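Reading the structure
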Amino acid sequence: MISDWSDLQTILAIATEGSLSGAARRLGVNQSTMSRRLQAIEQNLDTALFRLEDGRLRPTAAAEQLIETARQVEALVGHANTALAASPVPLRLATCEVLSAVFAAPALAGWREHTGEPAELSVYDNLFVLPADEFDVMITPLESAPTEMVGRRIGQLDWDFYAAPDYARTRPLAADATGLDGHDVIHAAGSLAEVAAYRRLPDLGGRPVFRSSSVVVQRDMAATGAGIALLPACVVLPEHGLVRLENRMQPPPAEVWMVARRATAAQPRVRRFLDWAGGHFRGAPPARKAG
């Protein structure tokens, strides 16, 4: 019994080349490997598949049937590879949890409607350690595009302090407060803690009661009454049951950038998206190149 496609490949290669050495070169293996493959196939089938004639390996009647099958399978594989090669390569966009909902997902929905081209959206906790081959375009909080990338500012995240209504009523935060002393505070963890707004949070004092690398988890924890959370305003909706705390400690907005590595940005499909996205994010300043 033939066990897999590689058995048929072996038989077809030997029949085509007329020798084990030629078949080995064709399949990119050494001659001893090719010899072992043939021996294993013949033992499994309990029949000889080739005979030596005029210095060439000639297929037996049993092999001829398998060779025809191998040619059919090879043709099907070729058609499949051709079809895959003709399929558009998805645009790969990487972002974080918050920016996915606010910026990335709406942009890709518009891109799909505009062009019909496929796209992939991946959400990561730490965008700053992604290998170059993991994404085509990134939407991320930045102060400016890194020198190895090109990009544009596409918006901003506004920050506010929030708490559950019961917490805000029983432990109010004074509007003129300059710190969080006497309060329970929900902190960022992981790469989120490196965002500028969260870096200054420990300096404001208070008692850390919970940490998370997800602003959504921080929001939901604040809704339980656990403490005060610093959150992007865009993730807090009326149904989340939080109240905004008026205060003078509100961090400045965080700039949101759309960037791509220079070599990647030169690819036609990526360039098309970047050009289109420039119009999609039309409220942002003109595109800028770093460096």
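Placed above this text is the structure.
Throughout what follows, the structure given in this document is the object of discussion. (Residues numbered from 1 in each chain as written. Predicted model: local features only at pLDDT ≥ 70, side-chain atom pairs only at ≥ 80, totals over all residues. Heavy atoms only, no water.)

Before going further, it helps to examine the pattern of salt bridges. Side chains that carry opposite charge are capable of pairing whenever their charged atoms lie near each other. Here the structure, examined in full by the defined rule, presents 13 salt bridges. Note that Arg272 and Glu117 form a salt bridge whose closest N and O atoms lie 3.1 Å from each other. Taken together, the residues span a long stretch of sequence, with Arg272 in helix α10 (residues 268-280) and Glu117 in the loop between α5 (97-115) and β4 (119-123) at a distance of 155 residues. Using a relative accessible area of 21% as the deciding quantity, one classes Glu117 as partly exposed. Note that Arg169 and Asp166 form a salt bridge whose closest N and O atoms lie 2.6 Å from each other. Here the residue Arg169 and the residue Asp166 both occupy positions in helix α6 (residues 165-170), the gap between them amounting to three residues, near one helical turn. With a relative accessible area of 49%, Asp166 lands in the partly exposed category. Each member of the salt-bridge network shares a partner with another, and the members are Arg92, Asp136 and Arg269. (Salt bridge = Lys/Arg side-chain N within 4 Å of Asp/Glu carboxyl O. Helix = DSSP H or I, 4+ residues; strand = E, 2+ residues; numbered from the N terminus. Buried < 20%, exposed > 50% of the residue type's maximum accessible area, 1.4 Å probe, protein only.)

Attention now goes to the packing of α5 against α10. For the pair α5 and α10, the least separation of the axes is 11 Å and the interaxial angle reads 115 degrees. One element, α5, and the other, α10, form an angle in the roughly perpendicular class. Note on packing geometry: the crossing formed by α5 with α10 is right-handed. Between α5, through Pro106, Ala107, Leu108, Gly110, Trp111 and His114, and α10, the contact on the second element is made entirely by Arg269, Arg272, Phe273, Trp276 and His280. (Axes fitted to C-alpha atoms, helices over the stretch in contact; angles between N-to-C directions. Parallel < 35°, antiparallel > 145°, perpendicular 65-115°, else oblique. Left-handed = near helix turned anticlockwise from the far one by under 90°. Contact = heavy atoms within 4.5 Å.)

Here we take up the packing of helix α2 (residues 20-27) against helix α3 (residues 31-45). At a minimum axis separation of 8 Å, α2 and α3 run at an interaxial angle of 105 degrees. Taken as axis vectors, α2 and α3 run roughly perpendicular relative to one another. Taken together, the residues of α3 that come into contact with α2 (itself represented by Leu20, Ser21, Ala23, Ala24 and Leu27) are Gln31, Met34, Ser35, Arg37 and Leu38. In terms of residue class, the contact of α2 with α3 is built from six nonpolar, three polar and one charged. (Nonpolar A, V, L, I, M, F, W, Y, C, P; charged D, E, K, R; others polar.)

Below, the discussion takes up the sheet that holds strand β10 (residues 228-232). Two orientations exist for strands paired in a sheet by backbone hydrogen bonds: parallel and antiparallel. Spatially, five strands are ordered β9-β8-β10-β7-β11 in an open sheet, and the strand pairing comes out mixed. The open sheet terminates on both sides in strands that have one partner only, identified here as β9 (207-212) and β11 (243-244). Both strand β8 (residues 184-188) and β9 contribute to a ladder of five bridges, which runs parallel. Looking at the pairing, Ile186 lines up with Phe210 of β9. Relative to β10, helix α8 (residues 215-223) is tilted by about 140 degrees, and along the sheet it contacts β8, β9 and β10. (Pairing = 2+ DSSP bridges.)

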